Amino acid sequence: MIKDLLDVKRWEAFFKVLPTEYIPGFVVTLKVALAGLLLALALGVIFGMLSTTKIKICRFIARVYVEFFQNTPLVVQVFFYYACLPYVIGGRVPKFVLGVIGVGIYHGAYISEVIRTGIEAVPKGQFEAAYSQGFNYLQTMWYIILPQTMKMILPPLTNQALNLVKNTSVLAMIAGMDLMYHADSWGSDRGYFVQAYLPCALLYFLICFPLARLARYLEIRAKRTPVPKKPKGVA
Amino acid sequence: MKKSSMKASALMMAAAMMVSAALTGCGGSGSAATTAAADTTAAADGAVTADVQKIIDAGVLKVGTKVDVPKFGMQNTATGEMEGVEVDLAYEIAGKIFGCTAEEAKAKKLVAFQGVTAKTRGPLIDNGEVDMVIATYTITPERKETWNFSDPYYTDAVGLLVLKDSGIKSIEDLDGKVIAVSQGSTTKKVMMEYIAEKGFNVTPEFEEFDGYPSMAAALSAKNVDVFSVDRAILAGYNDDSTEILPDRFAEQDYGVATKLDNKGLADLVNGVVNDLKSSGKMDEMLKGWGIE
Amino acid sequence: MAEVLGTIFTKANIGFMMQGLLMTLVIAAATIALSLFFGTAVAMIRHFCIGRMVWLSWLAGAYIEFFRCTPNILWILWIRFTMQGDPTVKAIFACTLFTTAVVAEIVRGGLNGIPKGQFEGAASQGFSFWQTLRYIVLPQTFKSIVPALLSQVITIIKDTSFLKAVDIAEFMRNSSIVMGQLRTPAQIITLYGFIALCYFVICFSLSCTVRYYQKRTKIA
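Cut-offs used in this document
- Residues numbered from 1 in each chain as written.
- Chains lettered and ligands numbered in written order.
- Predicted model: local features only at pLDDT ≥ 70, side-chain atom pairs only at ≥ 80, totals over all residues.
- Heavy atoms only, no water.
- Helix = DSSP H or I, 4+ residues; strand = E, 2+ residues; numbered from the N terminus.
- Rg over C-alpha atoms; globule rule 2.2 N^0.38 Å.
- Buried < 20%, exposed > 50% of the residue type's maximum accessible area, 1.4 Å probe, protein only.
- Contact = heavy atoms within 4.5 Å.
- Buried area = accessible area lost by both parts, 1.4 Å probe.
- Salt bridge = Lys/Arg side-chain N within 4 Å of Asp/Glu carboxyl O.
- Polar contact = N/O pair within 3.5 Å; in protein donor to acceptor, adjacent residues only side chain to side chain.
- Nonpolar A, V, L, I, M, F, W, Y, C, P; charged D, E, K, R; others polar.
- Pairing = 2+ DSSP bridges.
- Axes fitted to C-alpha atoms, helices over the stretch in contact; angles between N-to-C directions.
- Parallel < 35°, antiparallel > 145°, perpendicular 65-115°, else oblique.
- Left-handed = near helix turned anticlockwise from the far one by under 90°.
- Core = buried A, V, L, I, M, F, W, Y, C linked by side-chain atoms within 4.5 Å.
- Domains from an automatic or database assignment.
- Phe/Tyr/Trp six-rings, centres within 6.5 Å; stacked < 30°, edge-to-face > 60°.

A. Summary view of the overall build of chain A. Broken down by element type, chain A carries nine helices and zero strands. When the elements of chain A are put in sequence order from the N terminus, they spell out α-α-α-α-α-α-α-α-α. On C-alpha atoms alone, chain A measures out to a radius of gyration of 22 Å, which is more than a quarter above the 18 Å that the 2.2 N^0.38 rule sets for 235 residues. Each principal axis of the C-alpha atoms in chain A carries an extent, and together these give about 70 × 65 × 25 Å.

B. Looking closely at the environment of A:V93. With respect to the helices and strands, A:V93 occurs in the loop between helix 4 (74-89) and helix 5 (95-121). Given the relative accessible area of 9%, A:V93 is considered buried. Residues within four places of A:V93 in sequence aside, it is in contact with A:L85, A:P86, A:L98 and B:N223.

C. Inspection of the interface of chain C and chain A at higher detail. With 36 residues of chain C at the interface, the matching set in chain A holds 40 residues. When the two sides are added together, the surface that chain C and chain A hide from each other amounts to roughly 3500 Å², 73% of it contributed by carbon and sulfur. Its largest share of buried area at the contact with chain A, chain C owes to C:W78, C:K158 and C:Y192, together 18% of the area lost on that side. Inspection of the chain C/chain A interface yields three salt bridges. With a closest N to O distance of 2.6 Å, C:R211 and A:E67 form a salt bridge. Scanning the region where chain C abuts chain A turns up six residue pairs in polar contact (both at pLDDT 80 or more). Elements with a minimum of two residues in the side of chain C that touches chain A: helix 3 (54-68), helix 4 (72-82), helix 5 (87-112), helix 7 (129-159) and helix 9 (185-219) of chain C. A total of 12 residues in the side of chain C that touches chain A trace back to one element, the largest contributor, which is helix 9 of chain C. Here the residues of the side of chain C that touches chain A sort into 23 nonpolar, five polar and eight charged.

D. Up close: the sheet that holds strand 7 (residues 147-149) of chain B. All names here are of chain B. Within the open sheet, the five strands sit side by side as 5-1-6-14-7. Their pairing is mixed. A strand with exactly one partner marks an edge of an open sheet, and here the two such strands are strand 5 (111-115) and strand 7. For strand 1 (residues 61-65) and strand 6 (residues 132-133), the ladder comprises two bridges, and the chain directions are parallel. In the strand pairing of strand 6, V63 is matched with M132.

E. Up close: the interface of chain B and chain A. On the chain A side, the residues contacting the 16 residues of chain B number 15 residues. For the pair chain B and chain A, the summed buried area comes to about 1400 Å², and 44% of that belongs to carbon and sulfur atoms. Linking chain B to chain A there are three salt bridges. For B:K119, the salt bridge is made with A:D184, and the minimal N-O distance between the two is 2.4 Å. Contributing elements (two or more residues each) for the side of chain B that touches chain A: strand 10 (205-209) and helix 9 (212-220) of chain B.

F. Layout of the packing of helix 3 (residues 56-70) of chain A against helix 5 of chain A. All names here are of chain A. For the pair helix 3 and helix 5, the least separation of the axes is 8 Å and the interaxial angle reads 125 degrees. Compared by their axis directions, helix 3 and helix 5 come out oblique. Crossing of helix 3 against helix 5: the hand is left-handed. Contacts between helix 3 and helix 5 involve R63, Y65, V66, F69 and Q70 on the former and, on the latter, I105, Y106, G108, A109, Y110, S112, E113 and R116. Of the residues contributing to the contact of helix 3 with helix 5, the split by class is seven nonpolar, three polar and three charged.

G. Geometry of the packing of helix 3 of chain C against helix 5 of chain C. All names here are of chain C. Two elements in contact, helix 3 and helix 5, have axes separated by 9 Å at closest approach and are oriented at 115 degrees. The crossing of helix 3 and helix 5 is left-handed. Across from Y63, I64, F67 and R68 in helix 3, the residues of helix 5 making contact are T96, L97, F98, T100, A101, A104 and E105. Its residues assigned to classes, the contact of helix 3 with helix 5 comprises seven nonpolar, two polar and two charged.

H. Fine view of unusual backbone geometry. A positive phi angle, close to 60 degrees, is found at A:M177, a residue other than glycine. Assignment of secondary structure puts A:M177 in the loop between helix 7 (137-167) and helix 8 (179-190). We classify A:M177 as partly exposed; its relative accessible area is 26%. Here B:K222, not a glycine, exhibits a phi torsion of approximately 60 degrees, which is positive. With respect to the element layout, B:K222 can be found in the loop between helix 9 and strand 11 (226-230). For B:K222, a relative accessible area of 45% translates into the label partly exposed.

I. Quick peek at the environment of C:R108. In this fold, C:R108 is placed in helix 5. A C-alpha to C-alpha distance of 17 Å links C:R108 and C:F129, two positions 21 residues apart in sequence. With residues up to four places along the chain from it excluded, the contact list for C:R108 reads A:R216, C:A43, C:R46 and C:H47.

J. View of the nonpolar core. A:Y22, B:I93 and B:F227 are the most contacted members of the largest nonpolar core, which totals 178 residues. Among the elements that make up this core, the one with the highest residue count is helix 9 of chain C (12 residues). Two domains share this core, each providing at least three of its residues, namely domain 2 (49-153 + 255-288) and domain 3 (156-251) of chain B. Residues within four places of B:F227 in sequence aside, it is in contact with B:G159, B:L160, B:L161, B:A180, B:Y212, B:M215, B:A216, B:L219, B:L234 and B:Y237. Ranked by size, the runner-up nonpolar core spans 22 residues in total, among them C:M44, C:I45, C:L111 and C:V137.

K. Layout of the packing of aromatic side chains. Residues and elements named next belong to chain B. Per the stated rule, a full pass over the model turns up 43 aromatic pairs over all chains. On the numbers, 5.7 Å between centres and 55 degrees between planes, the contact of F227 with Y237 is tilted. In this pair, F227 sits in strand 11 while Y237 sits in the loop between helix 10 (231-235) and strand 12 (242-244), placing the two residues 10 residues apart along the sequence. Looking at F227, the relative accessible area reads 0%, which means it is buried. When its relative accessible area of 8% is taken as the criterion, Y237 is described as buried.

Here is the structure:
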């Protein structure tokens, strides 16, 4: 493995395919991750709110969504979309869309749980106070409850974003043209596995590490108890 | 002071545990080297080379075959047994190595089969998971630089499987179509060469998959238009709804692959393949499995 | 419908898929056991190595961050193709590599929640560092992280499905081979439903355990 690592010829081969395989793959991964994250956030907010309403059927639907998608592997879900969606909509589904709905729906279930816990942590009295001021349900959520939960839910949300980026690599298993697919395809074509996988790992690290640091920073900030600002001029 | 040094040593121990575990995880390479060294003396008293002696000492020949190619290498889901002409060939080679007949080798389970795909077969020879690969493995000049190949035991061509209702009649209809090919196979390369050589004005897209079942599923769901691999493999996936196009191109030879360093083993394997061919037994075996 | 079920769920197919499911559970169990052990070790190094030993803590931190920030499937492929040894052992090794990083983070979180005063208190009672860990700190830590660890068990069971990419005979891979024999949409959708159901039953019963545990500890 060390001998392979230092093989100059193999690295030259890698730098030849870097612009033609790795960069386009990296762009696909970024696009899928961003669009997937937006979908996951949207689903997470919707189902997170549903699971905290008083209406039983809404809570039940949210529960089913969360339990089903959290308790089956992403691989199975993505393969299912890939193999079965064409029958349902009667045509081929672009890999980009498969990736977005794959990670979007999967992580949406996790984000919905994060948001539910956040909402439940806000005292019930806040709802009552808001209603008494003439706010409706959505307004209460948007202006009063969700902003307060932000501090608490941001660290786990960032962690979810990190996992989402990692999980876009599942696309490689259905020839999704993402970073992992190109790295694996080139690697097995030439047998240069170290040169194929190490740069691939670094590229994923490049996206995920800042997210990991952000999550850590937010976590520490959330734990800090707020200190009242000292009035000016007082020693 | 004393407390902190004890704490330090405890943590050092934990760290050492991690490191040693990581090392043993890489496993096997060290011990394999020592057995190889010991075998050179054992080989001195006979015509058996060190690499073959190593297999004899292990008592089992590790062979990589396909698990999903009917008639060549197929795992019977009912019994778990491997079946096919390449499996029989593995027993013939095992018989030669262990000095018995192929039937005895089978009865004594002298061959340990390991399922491989087009993608995994190369690396698995190199990392020692298998001693040899007999898995519809096409001999090419590039591959010969990396592995030893025996003389060919079968010649096949690449074929194209399409859905009957797709309207595709020949390779000339493939412009803009999506073709499923296997990762680590030569299909994509030889097809592009064939198209260029014939001067067809078609530019298909290629998608690589890790196994034939995934490719068959992709074809049924119309995620791809064409499923292209060697014709021998295609035959196993052809049914009422699909057809194999008459196009056949890139005649290619299947050989038994072994690790490049294991020259002795390669010679032995080649001897077995050539004996089987000259005695007519290879043809019998192929016929026995209904292969043309 | 009966015809559809008949073609998919033959005795041979069910047996073959269940063998895969058994393999999935074996790999998951081995990974959990190993990751728990190594994860605790890494977390302790990360948490307690200070002063002259601080570089060890950094090393553990680098390990955690690197594996947390790279895709699991990458490690599965990498280990399978570039290392020697039995394929199943290598699969477990690869899963352990990235799961250890996650478990280490969980354990570290638990250790963070233990007040520093406990060490001083224990030291004043004549406990050594090691004894304090064994009898006071670790039991509390594990008690507090049981739900997080159980969730991780669910994640591992789900993650083993990535092993299909390297042809390990686990549930997803064996089911895919059965899938290769099927042609009609009804058959394919039914089989996917069955695969999902199998994973769901296992993972959902585990997550119910998590919730039961959380509820019980909250009351107590």
